[in-house]
Amino acid sequence: MSNEHTPLLTSAICGLTSCGVAPETSPESSPSSSPSQPSSDPRRLNTFFGVMVPTILSMFSIVLFLRTGFVVGHAGLLQGLLMVGVAYTIISLTILSICAISTNGAIQGGGAYYMISRSLGPEFGGSIGLMFFLAKVCACGEYVLGLVEAILDVFGSDPDSPVSGVRVLPQGYWYTILYSSVILLLCLLVCLVGAHIYSRTAFVILIVVTVSLLSVFISSVAVKPFSFNITHLGPGNLTRHFNVSYTGYSAKTLQDNLYSGYSLDYSTNSIMSFATVFAVMFTSCTGIMAGANMSGELKTPSVSIPRGTIVAVVYTCTVYVLLFMLVASTCDRTMLIQDYGFLQKINLWSPLVTIGIYCASLSAAMCAMIGASRILHALALDHLFGLPLAPAAVTSSSGNPWVAVLYTWALAQSVVFAGQLNAVASLVTVFYLLAFAAVDLACLALEWASAPNFRPTFQYFSWHTCLLGILSCLVMMFVINPVYSSGSIVLLLILLLFLHYRSPTSSWGYISQALIFHQVRKYLLMLDVRKDHVKFWRPQVLLMVANPRSSCQLILFVNQLKKGGLYVLGHVQLGDLDSLPSDPVQQQYNFWLSLVDKLGVKAFVDLTLSQSVRQGTQHLLRITGLGGMKPNTLILGFYDSCIPEDFFLQDSAFCTTSLGQSTEEEEYNFGVDLPSLQAHFPPVRHVESPRWLSPEEYVGIISDALKMNKNVCLGRYFFQLEGEEKDSKVDGSNRTIDVWPLNLFQPDNCDYEDVCSLFLLQMACVLNMSNRWRHARMRIFLNVETKSGSQGWVMNEETFRELLKKLRIRASIKIVPWDSVVHHALPRGEQNHPLSEDFLTAVNNLLLEHSSQAAVRFLYLPSPPALPSQAQQYITQLETVTNSLGPTLLIHGVTPVTYTDL
């Protein structure tokens, strides 16, 4: 076999640094550029530098130094510890999912977006990826505002402060925006010029932050109690003064700070609550994916990611708990609430804490900007959102996505107009919680799909942890801010629907397909054919198609006739597999599926290779479908000498003139564009062209289907039927459906209640219930002999009306005398002789007289002859009766389909 030595499918190794920073390597450089030059191994980081450092640094951010007192002051120690417990429970559940997904394969650029998109498919991946991008943009703005707050706390001008000299920066809303813009501009320059420089200094920044943190713990023991004044500009430009105390370790201070005391926040002038304080506190827990983003550079990612992330989370959780207990035991509540930068004032050397704050804040801001730009760049490379994000795919010669950086900078600039860190904390937290819920959802879907290739090396998770993670994230979202939560979910759904209707295709795999397969298999096993009941019968159709070019109208019509049942397009490729190098049928499926997409029909495709059409049709009748979903009705085109028309030349969707209009769509068509689709199906048959099917074989197919207890329908003149196209607005208000339930080939048979007649009525009723025929008028024609002097036909009409009432079929009944037709027939009992040409012509004239204006006609199909020698005669009779009628369906039913009881 040619494909026996195909290499394993692999993912490109990704060089990610902290927060999603990609190494800016030159596109000209490659591992194979020169064997003499030593190539550096991209997988060179260990657990500490590759996972722990970026994760710890990302989780400390600004909350560690600037909002610890805020949380304890408002919520109290007990509720503060409860917040830590809730936050770390949520992220711990998400970490289990991250570790599972990240150890199931290498992660490329884009971090959380890459994990979600490659796990859930482009719709979920694109929508969640964009939401995660927005979360990082808002976080970048939040960190910048926190940095400005820290700068103004030291250098901001305060007319009531006795300290002068360093307090030179004017304060106010617009000054805050100005300072934030300058810092953002600095971040922008770093990201544009040397983002890789920042990634290399991450460990140094962590050392500085750690030293600052140690100084806080040392100072709590070394610094003696003291008091000082705090001033704030309150509402109405009134200056407010507070006398606060640092008490050192004190049981009374701890007792005072034990319980909550939510009050006015001086930065936003709003009353705090559990939800608003938790939103600020949770921003310290949003960096858990920094380590997973390093998968491409880790020596052993399956070991480093779980171990490093879990150790980092345990470490940061321990630090927060100890810091909460420290400030609750040493500082009075007023200090905690009224001074965000109190840690500087109670430190042995305050510049050390100031440096730590600046490093942590600036690091977090740059980290968020770089990470957001990489997510946006990954979205642009995947072409999910089309032109709006297309420029973000542009990179510099060194590989830096500078346009994506500009996008991120511009959006972050708009975020800083909030003016205060606390004002955007809720939005950031909601976005991150939604992203975490999506990661849990991805892991849950992979677990529920039970795909054999989902084999993560990290095993400490289950669908219970994933589901609990999703629920906890969603609950906390609405606890924090119901408006933001509802808005973010609505935005997510809008993006999801946009991507769904844009129908992007990818080679990532679709988790929806895996889940559908898993569930459908279960339901198919539950669909027991032994429990079938006639009152729940529905058409399950196998339509045999020789060439779609001449059969599209029939394909569209049968799509209306299936009534939610199985619909399969069958095709027989003539050939012998023994004489062929490979199966030619496998290469044709994509073309047929693209045809189904173009026509907009809800059909499956089943192809087979056989030495004859009859034998291939037998194969399809036997093996098509699965379990209780197997065809019960075979539909064939009519065998006549009519010259078929090419539907591809009539419908604009198949015309070459529409090529320019569908260029963007053809990018996502599984490799089948419109010219390829047109070239695949051969031209329609000409008059001189040889027939692949003989009359004996055609009639044999009908006989085979009846022997296999399948209903049979023959469609003729459906190339004349209009209004069945995908975009058609026809509702059938100007259409008529004519039904002739009597076997016109047996004039002496007046049984309107045999199985075949009732099947005929049922199929007409099914068509009348479909979208494009729901307003069509249905007429049922009863053929009677009036010259015999018997009035039995009157009783038959009443009986038939009563039958229609029981069957709930709304139709008008037309009485058609056909005495003039019957006299052409053979004497009663002479059924072994062929019907006369005059009789068949008379029947055709009768049909033309009464049904010439109908949109479609349903006629009784007589049983085929037993002898192959009579096949041509049988076809000739059908052709004569239906000559020039227009769209006609000849039906022979063998299964009971009607039911009158409840």
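Residues numbered from 1 in each chain as written. Predicted model: local features only at pLDDT ≥ 70, side-chain atom pairs only at ≥ 80, totals over all residues. Heavy atoms only, no water.

With that settled, the discussion passes to the overall build of the chain. For the chain, the helix and strand inventory stands at 28 helices and 14 strands. Within the chain, contacts between residues at least 6 apart in sequence are counted, and of these 82% link residues at least 24 apart. Roughly 40,100 Å² of accessible area belongs to the chain as shown, and the carbon and sulfur atoms make up 60% of that amount. (Helix = DSSP H or I, 4+ residues; strand = E, 2+ residues; numbered from the N terminus. Contact = heavy atoms within 4.5 Å. Areas by Shrake-Rupley, 256 points an atom, 1.4 Å probe, with all protein chains shown as cover.)

With respect to the secondary-structure elements, Cys359 resides in helix H13 (residues 350-381). Owing to a relative accessible area of 22%, Cys359 belongs among the partly exposed residues under this scheme. Ignoring any residue separated from it by four or fewer positions in sequence, one finds Cys359 in contact with Ile205 and Val208. (Buried < 20%, exposed > 50% of the residue type's maximum accessible area, 1.4 Å probe, protein only.)

What follows is about the packing of aromatic side chains. Counted according to the given criterion, the structure contains 29 aromatic pairs. Geometrically, the ring pair formed by Phe48 and Phe49 is edge-to-face, given 5.1 Å between the ring centres and 90° between the ring planes. A relative accessible area of 33% places Phe48 in the partly exposed class. Classification of Phe49 as partly exposed rests on a relative accessible area of 41%. Plain terms: the ring middles of Trp537 and Phe759 are 5.7 Å apart, the flat faces sit at 70° to each other, and that makes the pair edge-to-face. On the criterion of sequence distance, the pair formed by Trp537 in the loop between helix H18 (511-526) and strand S5 (541-544) and Phe759 in helix H24 (residues 755-768) is long-range, its members being 222 residues apart. (Phe/Tyr/Trp six-rings, centres within 6.5 Å; stacked < 30°, edge-to-face > 60°.)

Interpretation of the predicted coordinates at a detailed level should be avoided for regions scoring low in pLDDT. Predicted confidence across the chain gives a mean pLDDT of 81, with 85% of residues reaching 70 or more. Here residues 1-42 scores under 50 on pLDDT; set against residues more than four positions off or in separate chains, the count is 60 contacts. Every residue in residues 827-831 scores below 50 in pLDDT, and together they form five contacts with partners more than four places removed in sequence or on other chains. (pLDDT = per-residue confidence, 0-100.)

Attention now goes to helix H15 (residues 421-449). The α-helix winds at 3.6 residues per turn, so residues separated by three or four positions along the chain end up facing the same way. Between the first and last C-alpha of H15 there are 42 Å, a value that for 29 residues agrees with the 42 Å anticipated at 1.5 Å per step. With 24 of 29 residues buried, H15 is to be regarded as a mostly interior element. Immediately downstream of H15, the backbone of Ser450 shows phi near 55°, a positive value. (Expected span 1.5 Å × (residues − 1).)

All chains considered together, the criterion is met by eight salt bridges. Salt-bridge contacts for Glu149 lead to Arg67; the nearest nitrogen and oxygen are separated by 2.7 Å. Separated by 82 residues along the polypeptide, Glu149 in helix H5 (residues 122-155) and Arg67 in the loop between helix H2 (63-66) and helix H3 (68-102) bring together distant segments of the chain. Residue classification places Glu149 among the buried residues on the basis of a relative accessible area of 16%. Among the residues examined, Arg67 registers a relative accessible area of 0% and is labelled buried. (Salt bridge = Lys/Arg side-chain N within 4 Å of Asp/Glu carboxyl O.)

The biggest cluster of nonpolar side chains holds 150 residues, and the ones touching the most others in it are Leu64, Ile91, Phe282 and Ile288. Of all the elements, H15 adds the most residues to this core, at 20 residues. When residues no more than four places from it in sequence are discounted, the contact partners of Phe282 are Ala87, Ile90, Ile91, Thr429, Leu433 and Phe436. The next biggest cluster of nonpolar side chains, apart from the first, holds 108 residues, and it includes Leu543, Leu636, Leu804 and Ala842. (Core = buried A, V, L, I, M, F, W, Y, C linked by side-chain atoms within 4.5 Å.)

The next point concerns the pairing of strand S10 (residues 736-740). Burial runs high along S10: five of the five residues are buried. A two-sided burial pattern is seen for S10, the buried positions comprising Thr736, Asp738 and Trp740 on one face and Ile737 and Val739 on the other. In this sheet, strand S11 (residues 777-784) lies alongside S10 in parallel orientation, the contact comprising four bridges. For Asp738, the partnering residue across the bridge sits in S11 and is Arg779. Bridge count for S10 against strand S13 (residues 856-860) is four bridges, and the pairing is parallel. The residue of S13 that forms the bridge with Asp738 is Arg857. (Pairing = 2+ DSSP bridges.)

A few words now on the pairing of strand S14 (residues 888-892). On any regular strand, side chains alternate: one points to one face of the sheet, the next to the other face. Burial runs high along S14: five of the five residues are buried. Neither face of S14 is open: one carries Thr888, Leu890 and His892, the other Leu889 and Ile891, and all of them are buried. Sheet analysis places strand S9 (residues 711-716) next to S14, joined by five bridges and oriented antiparallel. Directly across from Cys713, in S14, lies its bridge partner Ile891. Where S13 lies against S14, four bridges are found, and the strand directions are parallel. Opposite Tyr860, over in S14, you have Ile891 as the bridge partner. A crossover links S13 with its parallel partner S14, the connecting element being helix H28 (residues 871-881), and its sense is right-handed. (Right-handed = clockwise from strand over helix to strand, strands pointing away.)

What follows deals with the packing of H13 against helix H14 (residues 402-415). Packing of H13 against H14 brings their axes to within 8 Å, and their N-to-C directions diverge by 120°. The angle between H13 and H14 places the two elements in the oblique class. Judged by the twist between their axes, the crossing of H13 over H14 is right-handed. Counted together, Met369, Ala372, Ser373, Arg374, Leu376 and His377 of H13 and Ala404, Val405, Tyr407, Thr408 and Trp409 of H14 form the full contact between these two elements. (Axes fitted to C-alpha atoms, helices over the stretch in contact; angles between N-to-C directions. Parallel < 35°, antiparallel > 145°, perpendicular 65-115°, else oblique. Left-handed = near helix turned anticlockwise from the far one by under 90°.)

Turning our eyes to something else, we now look at the side chain of Gln413. Tracing the backbone shows Gln413 in helix H14. Using a relative accessible area of 15% as the deciding quantity, one classes Gln413 as buried. Once residues within four sequence positions are removed from consideration, Gln413 is found in contact with Ser181 and Leu184.

On the basis of which strands lie adjacent, the open sheet formed by ten strands has the order S7-S6-S5-S8-S9-S14-S13-S10-S11-S12 and mixed pairing. Since the sheet does not close on itself, it has two edges, and those belong to strand S7 (604-610) and strand S12 (812-817), each with one partner. For this sheet the average axis-to-axis angle between neighbouring strands, irrespective of direction, equals 25°. Of the strand pairs in this sheet, strand S6 (residues 567-574) and S7 are connected by seven bridges, and their pairing is parallel. Within S7, the position partnered with Leu569 by the bridge is Val605. Taken strand by strand, helix H21 (residues 613-623) contacts S5, S6, S7 and strand S8 (633-637), and its axis lies near 135° from that of S7. In the packing of helix H27 (residues 837-851) onto the sheet, contacts are made with S10, S11, S12 and S13, and the angle to S10 comes to roughly 150°.

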